[in-house]
Amino acid sequence: MAVGIFDSGLGGLTVYDAVAAALPEVPFVYLGDNAHAPYGVRDAGDIFDLTCAGVERLWDEGCDLVILACNTASAAALRRMQESWVPEGKRVLGVFVPLIEALTERQWGDNSPPREVRVKHVALFATPATVASRAFQRELAFRAIGVDVEAQPCGGVVDAIEEGDEILAEALVRSHVEALLRRMLKPEAAILGCTHYPLMEPIFRAALGPGVEVYSQAALVAASLKDYLARRPGFRGPGSRVRFLTTGEPARVSTKATQFLRRKIAFDAA
Ligand code: DGL
């Protein structure tokens, strides 16, 4: 029954919350690679190796399907994993697809020519590695025309969240939003393109001001996973226990997770 959720650290818990609410009967096993976070400042080879190690650990927990609840891993490693690494009978999915589908108002498999879409000015906030990969812009360009994407690499935010330093994280978010708004005066939509950022969503919203639609990646991923499992029930793996695992220090990670989610979460050593 189990499905795995992987992130470099605490951010994937925002996705976990949404998928667990949408699929209450599924036991999810969460793995945060806190010992190696942040991924956003690493190179693609490093991100690939770390993500593969994390996904293998989740396979050991009986999860045949693993969701990379990490935009950085989805942008920098997922394609290579799917093309050359994921064995028969296992699946690894990322968090980009549902977001691109929502923005471009079409299904991923729709190969018709790109067309105009409703949202024309998009602010993308993501880690330096996600921004550098240009994966988001590339996937968008296959499907939509005339969309202007302004990307802001939000250095430092993930570190501050992982350290539990909310004051620093808030200050950094404000300065990154200000920097983006100097280049794009009136975004219509904002993508919080790192699963850590919803933990700071009120700060993003306040800094962006009214009239900017903030896309909720977690809710989109949850709806998409529900649909996927309904179509492919065989990918519910044999595991039956809900677990929170970390490569970091379990007591410390549990405290930070509890602080950010404002409810008790207890991690075990991976
Ligand atoms: N939460 C991750 C993401 O969505 C990872 C960030 C990081 O480790 O830098 O990109």
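Refer to the structure printed above.
Our subject in this report is the structure included herewith.

What counts and what doesn't
- Residues numbered from 1 in each chain as written.
- Predicted model: local features only at pLDDT ≥ 70, side-chain atom pairs only at ≥ 80, totals over all residues.
- Heavy atoms only, no water.
- Helix = DSSP H or I, 4+ residues; strand = E, 2+ residues; numbered from the N terminus.
- Buried < 20%, exposed > 50% of the residue type's maximum accessible area, 1.4 Å probe, protein only.
- Contact = heavy atoms within 4.5 Å.
- 1 Å grid on protein atoms, 1.4 Å probe; cavity = no way out; pocket = protein on both sides within 12 Å on 5 of 7 lines; lining within 4 Å.
- Points joined across faces, edges and corners; volume = space filled by probe spheres on them.
- Nonpolar A, V, L, I, M, F, W, Y, C, P; charged D, E, K, R; others polar.
- Near = heavy atom within 4 Å.
- Polar contact = N/O pair within 3.5 Å; in protein donor to acceptor, adjacent residues only side chain to side chain.
- Areas by Shrake-Rupley, 256 points an atom, 1.4 Å probe, with all protein chains shown as cover.
- Expected span 1.5 Å × (residues − 1).
- Arc of directions from axis to C-beta.
- Core = buried A, V, L, I, M, F, W, Y, C linked by side-chain atoms within 4.5 Å.

## Focus on the overall build of the protein
Thought 1: Of regular secondary structure, the protein possesses 12 helices and 12 strands.
Thought 2: When the 270 residues of the protein are sorted by exposure, 53% land in the buried category.
Thought 3: The contacts in the protein between residues at least 6 apart in sequence include a share of 77% that link residues at least 24 apart.

## Details of empty space enclosed by the protein
Thought 1: For the coordinates displayed, the defined rule picks out one cavity of 30 Å³ or more.
Thought 2: Roughly 60 Å³ of internal volume is contained in the largest cavity.
Thought 3: As for the largest cavity, its lining consists of 13 residues, and the residues nearest its centre are Ser8, Thr72, Thr127, Val158 and Cys194.
Thought 4: Among the residues forming the lining of the largest cavity, the class breakdown is five nonpolar, seven polar and one charged.

## A closer look at the site of the ligand
Thought 1: Near the ligand lie 13 residues; those nearest to it are Ser8, Tyr39, Gly40, Thr72 and His196.
Thought 2: Thr195 is positioned such that a nitrogen or oxygen atom in its backbone is 2.8 Å from an oxygen atom of the ligand.
Thought 3: In the complex, 99% of the free accessible area of the ligand, which totals 300 Å², lies under the protein chains.
Thought 4: Residues that form the shell around the ligand fall into these classes: five nonpolar, seven polar and one charged.

## Points about helix α12 (residues 250-261)
Thought 1: For α12, with 12 residues, the first-to-last C-alpha span of 16 Å sits near the 16 Å given by 1.5 Å per residue.
Thought 2: Every buried residue of α12 is accounted for by Val253, Ser254, Lys256, Ala257, Phe260 and Leu261. For α12, the buried positions fall inside an angular range of 165° around the axis, keeping them on one side. In α12, those exposed residues whose orientation departs by more than 90 degrees from the buried face are Ala251 and Thr255.
Thought 3: Looking at the buried side of α12, the elements it contacts are α1 (12-22), α8 (157-163), α9 (166-183) and β11 (243-246).
Thought 4: Looking one or two places after α12, you find Arg262, whose phi comes out positive at around 55°.

## Concerning the nonpolar core
In summary, soluble globular proteins display a tendency toward joint burial of nonpolar side chains.
Thought 1: Of all hydrophobic cores here, the largest spans 53 residues; its most connected members are Phe28, Phe125 and Tyr197.
Thought 2: The biggest single contributor to this core is helix α11 (residues 217-231), with six residues.
Thought 3: Phe28 has contacts with Val3, Ile5, Tyr16, Val19, Ala20, Leu23, Leu225, Arg241, Val242 and Arg243, leaving out every residue within four places of it along the chain.
Thought 4: By size, the runner-up hydrophobic cluster in this structure holds 23 residues, among which are Val29, Phe48, Cys52 and Trp59.

## A few points about unusual backbone geometry
Thought 1: With an omega of 0°, the peptide bond running from Ala37 to Pro38 counts as cis.
Thought 2: Its location among the elements puts Pro38 in the loop between β2 (28-32) and α2 (44-60).
Thought 3: For Glu105, which is not glycine, the phi dihedral falls at a positive 55°.
Thought 4: One can find Glu105 in the loop between α5 (96-104) and β5 (115-116).

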